[in-house]
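As a plain string of letters, each chain reads:
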Amino acid sequence: MAEAPANSPLVRARKLLGRIRRRFAVDTFDVFVRPVPAPGPFEPPPGYVFDWGTPADVERCDAFHTELDERERAQGVQRLGLGHKLVLGQHLTQQGGLIVFTMWVNPRNLNVPGLLKRRLAGQWFIYKAFTSPDHRGRKLYEAGMRFVLLEMARLGLRELVGYAHVNKAVSRKGLAALDFGSAGRAYRVDIPFFERSFLSKKLRTKFPEGLPRSGAVRLEASPRAVPRP
């Protein structure tokens, strides 16, 4: 049987179907919650200190140790101006504190660009956590969450919210270590000419109020770059 010419409608249709198959993507994320415990002591891993970051701290973050490049640092300063909080983990050296862990906190909304935005009530949402490659395996992620929980207990808040992709084993392990429980799932469907997020009934019940995107943080990543933590 003779092959169809390279520019025939049949060949073009096959190529189009191939591109569609390659572009079809469904990402699944779990949202987790953890009740705020009673106030207690906070003990960071030996050799590290934790604190809340300032705009000046954001500006001195090193791209290798924090993954905050010039654009991310500019966005970070904007987030702080909007009321978000930044957790810093610093490694104590003879030269002072080197920032090797960062984690952002949104005190108003469960907000993942390109996925969902829901209003919080007595809760904080943690996102964009990153540990320097040179300092992994020292439980800085867990320590950062404990640091946040201590502040929430002091303020009388009730619940910490986190999320993780189903394939993000490290993040899920850290959340499990602090006894986070499932609050439902969110799905991101991306195919040619169609992009949409879907939330499970459990998640919509837990966070009933959806919110429109504000665009307050400029230079935000595109929806397909649904962030880590």
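Residues numbered from 1 in each chain as written. Predicted model: local features only at pLDDT ≥ 70, side-chain atom pairs only at ≥ 80, totals over all residues. Heavy atoms only, no water.

**Focus: the pairing of strand S3 (residues 85-93)**
Keep this limit in mind: At least two bridges found by DSSP between two strands are what make those strands a pair. Segments assigned H or I by DSSP are reported as helices when at least four residues long, segments assigned E as strands when at least two residues long, and all are numbered from the N terminus.
Relative to S3, strand S2 (residues 48-52) is paired through 5 bridges, and the arrangement is antiparallel. From the neighbouring strand, valine 49 faces S3, where its bridge partner is glutamine 90. Examined bridge by bridge, S3 and strand S4 (residues 96-106) share 9 bridges and lie antiparallel to one another. From the neighbouring strand, threonine 93 faces S4, where its bridge partner is glycine 96. Counting the residues that bridge the hairpin from S3 to S4 gives 2 residues.

**Topic: helix H6 (residues 169-177)**
In plain terms, the rule: Exposed residues in this analysis have more than 50% of their type's maximum accessible area, buried residues have under 20%, and partly exposed residues fall in between, with area computed by a 1.4 Å probe over protein chains only. As used here, the arc is the angular range of directions from the helix axis to the C-beta atoms.
Among all positions of H6, only Ser171, Gly174 and Leu175 are buried. Along the axis of H6, the buried positions cluster into a sector of 95 degrees, meaning they face one direction only. Opposite the packed face of H6, turned more than 90 degrees from it, sit the exposed residues Ala169, Val170 and Lys173.

**Some thoughts on the pattern of salt bridges**
Oppositely charged side chains can form a pair if their charged atoms are brought close together. Heads up, the rule is: Salt bridges are defined by distance alone: a side-chain nitrogen of Lys or Arg within 4 Å of a carboxyl oxygen of Asp or Glu.
The tally for this structure, following the rule as stated, stands at 9 salt bridges. Here arginine 185 and aspartate 30 are joined by a salt bridge, their closest N and O atoms 2.6 Å apart. In this pair, arginine 185 sits in strand S9 (residues 181-191) while aspartate 30 sits in strand S1 (residues 25-35), placing the two residues 155 residues apart along the sequence. Note that glutamate 195 is salt-bridged to arginine 188, the shortest N-O span being 3.0 Å. Overall, glutamate 195 belongs to the partly exposed group, its relative accessible area being 45%.

**Re unusual backbone geometry**
Located in the positive-phi region is lysine 139, a residue other than glycine, with phi close to 60 degrees. Mapped onto the fold, lysine 139 is located in the loop between strand S7 (123-131) and helix H5 (140-155). Relative accessible area serves as the criterion here: at 57%, lysine 139 is assigned to the exposed category. Even without a glycine there, the phi angle at aspartate 179 is positive, about 60 degrees. Counting through the fold element by element, aspartate 179 comes out in the loop between H6 and S9.

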